[in-house]
Amino acid sequence: MARTTRRSTTHLSRRLVQLYAGLALYGASSALLVRAELGLEPWGVLHQGLAELTGISIGVVSIIVGAVVLLLWIPLRQRPGLGTVSNVFVVGLAMDGTLAVVGELDGYGFRVPVLVLGIVLNGVATGLYIAARFGPGPRDGLMTGLNRVTGRSIRLVRTAIEVAVVATGFALGGSLGVGTVVYALAIGPLAQLFLRVFALPEPTAPAVTAAPGVTAAPGEPSTPAPPLGSGPVAAPAPGQAILPQ
């Protein structure tokens, strides 16, 4: 029993490390896309446009937008997880922290490699965060909630949301460019790859032994107990890419 508890605690600790490492890396990689100045991911275009309009840092704007989107979960009856709430704050703080350290870049010789690095690290961050299984990001929860309420496909709902987000952000002065297109094409395959790399096995549980005086039927295997402190985790639906946004 004590050994099982230790294994369960170790498994939970690793999931928490993956969660916060993934969120911090996501914010840092998004900051690299800002410094590359070659186009941002869809929600980044909106965040940058609002930052230009209000004079607030892009990281703080990301936190505010995340909190507003999370409020939209209420009528959709979506339930946030630890990862959902953490996403709102950690990504924005990591983004502003990285921008404070990494200055502006001159010339395509620096900006193109930083763009590529930012997109790859964003894929790594996505794999870390999702594989931890602590709930979707607020923006993806909005997508899945609208999918359930409207009955429209994930692809259609996500496309509609991101077109609206990009158009609004661009109108406000957000950066839309070749980096936006490269990100859109690359992030799906990268996320899929790193989801496999960082996938965590469920903690094993000891077999249930028969009660004193009870003998199992011949050839009948013992039934393993479910993992302590965990429930079933639903896999994403086909074609549904859950990103930590």
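Heads up: the structure comes first, above all this text.
These figures come from a predicted structure and were not determined experimentally.

S.K.: I'm lost on the packing of helix H7 (residues 138-150) against helix H8 (residues 154-171) in this one. Help?
M.R.: Helix-helix packing is characterised by the crossing angle of the two axes and by the distance between the axes. Where H7 meets H8, the closest approach of the two axes is 9 Å, and the angle between their N-to-C directions is 130°. Classified by the angle between their axes, H7 and H8 sit oblique to one another. Here H7 runs over H8; the crossing is right-handed. Residue-level inspection shows Asp140, Leu142, Met143, Thr144, Leu146, Asn147 and Thr150 of H7 in contact with H8, the latter providing Ile154, Val157, Arg158 and Ile161. Residues belonging to the contact of H7 with H8 are distributed by class as follows: six nonpolar, three polar and two charged.

S.K.: Sorry if this is basic, but what is going on with the nonpolar core here?
M.R.: Membership of the largest hydrophobic core comes to 46 residues, with the highest contact counts inside it found for Trp43 and Ile161. Here this core gets nine residues from one element, more than from any other, and that element is helix H6 (residues 108-131).

S.K.: Explain the packing of aromatic side chains here, please?
M.R.: Ring pairs (aromatic) are described by centroid distance and by the angle formed between their planes. If you walk through the whole model with that rule in mind, you get one aromatic pair. Note that Arg111 overlies the ring of Tyr108, its terminal NZ or CZ placed 4.8 Å from the centroid. In this arrangement the basic side chain of Arg139 is found over the ring face of Trp43, its NZ or CZ atom lying 5.2 Å from the centre.

S.K.: Help me understand H6 in this model?
M.R.: The α-helix advances 3.6 residues per turn, and as a result positions three or four apart in sequence lie on the same side. With 24 residues, H6 extends 34 Å from end C-alpha to end C-alpha; this agrees with the ideal 34 Å at 1.5 Å per step. Arg133 lies just past H6 and shows a positive phi near 60°.

S.K.: In this structure, what is going on with a nonpolar patch on the surface? I would like to understand it.
M.R.: A surface patch of nonpolar side chains, amounting to about 290 Å² of accessible area, comprises Ile56, Val60, Ile64 and Val68. In this fold, Ile56 is placed in the loop between helix H2 (42-54) and helix H3 (58-71). With relative accessibility at 34%, the residue Ile56 sits in the partly exposed group.

Rules used throughout
- Residues numbered from 1 in each chain as written.
- Predicted model: local features only at pLDDT ≥ 70, side-chain atom pairs only at ≥ 80, totals over all residues.
- Heavy atoms only, no water.
- Axes fitted to C-alpha atoms, helices over the stretch in contact; angles between N-to-C directions.
- Helix = DSSP H or I, 4+ residues; strand = E, 2+ residues; numbered from the N terminus.
- Parallel < 35°, antiparallel > 145°, perpendicular 65-115°, else oblique.
- Left-handed = near helix turned anticlockwise from the far one by under 90°.
- Contact = heavy atoms within 4.5 Å.
- Nonpolar A, V, L, I, M, F, W, Y, C, P; charged D, E, K, R; others polar.
- Core = buried A, V, L, I, M, F, W, Y, C linked by side-chain atoms within 4.5 Å.
- Buried < 20%, exposed > 50% of the residue type's maximum accessible area, 1.4 Å probe, protein only.
- Phe/Tyr/Trp six-rings, centres within 6.5 Å; stacked < 30°, edge-to-face > 60°.
- Lys NZ or Arg CZ within 6 Å of the ring centre and 35° of its normal.
- Expected span 1.5 Å × (residues − 1).
- Patch = residues over 30% accessible without salt bridge, like charges linked within 9 Å, V, L, I, M, F, W, Y side chains within 5 Å.
- Areas by Shrake-Rupley, 256 points an atom, 1.4 Å probe, with all protein chains shown as cover.
- Salt bridge = Lys/Arg side-chain N within 4 Å of Asp/Glu carboxyl O.

By themselves, these are just geometric observations and shouldn't be taken as functional.
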